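# Summary of structural features
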Amino acid sequence: YHTARTDFSRIQASGVSSFLMRGDSFERIAFCIDISSSMDTPVSFTAPPGSRSRSGSRMDAVRSEIQQILTSRLSHRQQFSIIVFNGRATEWSHGLAQATPANLAAAVH
């Protein structure tokens, strides 16, 4: 949950994926992504972490971080789901998907 007063600087400094993905002990993860118009707000972000800062929308930053997590942080033993919401929630797949190369590629696109 975020508000207009949320301070994203701590999260942005280390990268959202570093902030959210501390440890590898989880078997299942659900990404809940706000796709409302508030995500059009301009921000400066670093993606992937450690690279040069760039500008874009909050949605650009989230998309970049989710792509980073899906392509480099999940193993085939883990399951994931992506849920987007804008007044109503919609799930990317029905239930959790195994983190296979095919499922990860489909989720990134």
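For the structure given in this document, a descriptive report is provided here. (Residues numbered from 1 in each chain as written. Predicted model: local features only at pLDDT ≥ 70, side-chain atom pairs only at ≥ 80, totals over all residues. Heavy atoms only, no water.)

### Considering the overall build of the chain
Counting its secondary structure elements, the chain contains 4 helices and 6 strands. Listing the helices and strands of the chain from first to last along the sequence gives α-α-β-β-β-α-β-β-β-α. The burial tally for the chain puts 31% of its 109 residues in the buried class. Contacts spanning at least 24 positions in sequence make up 49% of the contacts within the chain whose residues lie at least 6 apart. For the chain, the computed accessible surface area is about 7200 Å², with 52% contributed by carbon and sulfur atoms. (Helix = DSSP H or I, 4+ residues; strand = E, 2+ residues; numbered from the N terminus. Buried < 20%, exposed > 50% of the residue type's maximum accessible area, 1.4 Å probe, protein only. Contact = heavy atoms within 4.5 Å. Areas by Shrake-Rupley, 256 points an atom, 1.4 Å probe, with all protein chains shown as cover.)

### Observations regarding the packing of aromatic side chains
A full pass over the atoms with the stated rule returns 1 aromatic pair. An angle of 20 degrees between the planes, with centres 5.4 Å apart, marks the rings of Phe80 and Trp92 as stacked. Placement of Phe80 in strand β4 (residues 79-85) and of Trp92 in the loop between β5 (89-91) and β6 (97-98) is noted, with a sequence separation of 12 residues between them. Residue classification places Phe80 among the buried positions, given a relative accessible area of 0%. (Phe/Tyr/Trp six-rings, centres within 6.5 Å; stacked < 30°, edge-to-face > 60°.)

### Things to note about the pattern of salt bridges
Throughout the structure, instances matching the rule amount to 1 salt bridge. Ionic pairing is found between Arg63 and Asp60, a salt bridge with its closest N-O pair at 3.5 Å. One end of the pair, Arg63, and the other, Asp60, are both in helix α3 (residues 58-72), 3 residues apart, so they sit about a helical turn from each other. (Salt bridge = Lys/Arg side-chain N within 4 Å of Asp/Glu carboxyl O.)

### Details of the side chain of Ser36
Topologically, Ser36 is positioned in the loop between β1 (28-34) and β2 (42-46). Excluding residues within four positions of it along the chain, Ser36 makes contact with Phe85 and Asn86.

### Examining the environment of Arg28
Residue position: Arg28 is located in strand β1. Judged by its relative accessible area of 54%, Arg28 falls in the exposed class. Sequence separation between Arg28 and Leu96 is 68 residues; the distance between their C-alpha atoms is 7.7 Å. Setting aside residues up to four positions removed in sequence, Arg28 forms contacts with Gln79 and Leu96.

### Observations concerning the nonpolar core
Core analysis: the biggest nonpolar cluster contains 15 residues, and Phe31, Ile33, Leu70, Leu74, Phe80, Ile82 and Leu104 have the highest contact counts within it. Discounting chain neighbours no more than four positions away, the residues touching Ile82 are Phe31, Ile33, Leu70, Thr90, Glu91, Trp92 and Ala107. (Core = buried A, V, L, I, M, F, W, Y, C linked by side-chain atoms within 4.5 Å.)

### A short note on the packing of α3 against helix α4 (residues 101-108)
Look at α3 against α4: their axes get within 10 Å of each other, and the N-to-C directions meet at 170 degrees. Judged by the inter-axis angle, α3 sits roughly antiparallel to α4. Residues Gln67, Leu70 and Thr71 of α3 form the contact with α4, whose participating residues are Leu104, Ala107 and Val108. (Axes fitted to C-alpha atoms, helices over the stretch in contact; angles between N-to-C directions. Parallel < 35°, antiparallel > 145°, perpendicular 65-115°, else oblique.)

### Concerning the environment of Gln79
Here Gln79 is to be found in strand β4. The spacing of Gln79 and Gly95 is 16 residues in sequence and 9.5 Å in space, taken between C-alpha atoms.

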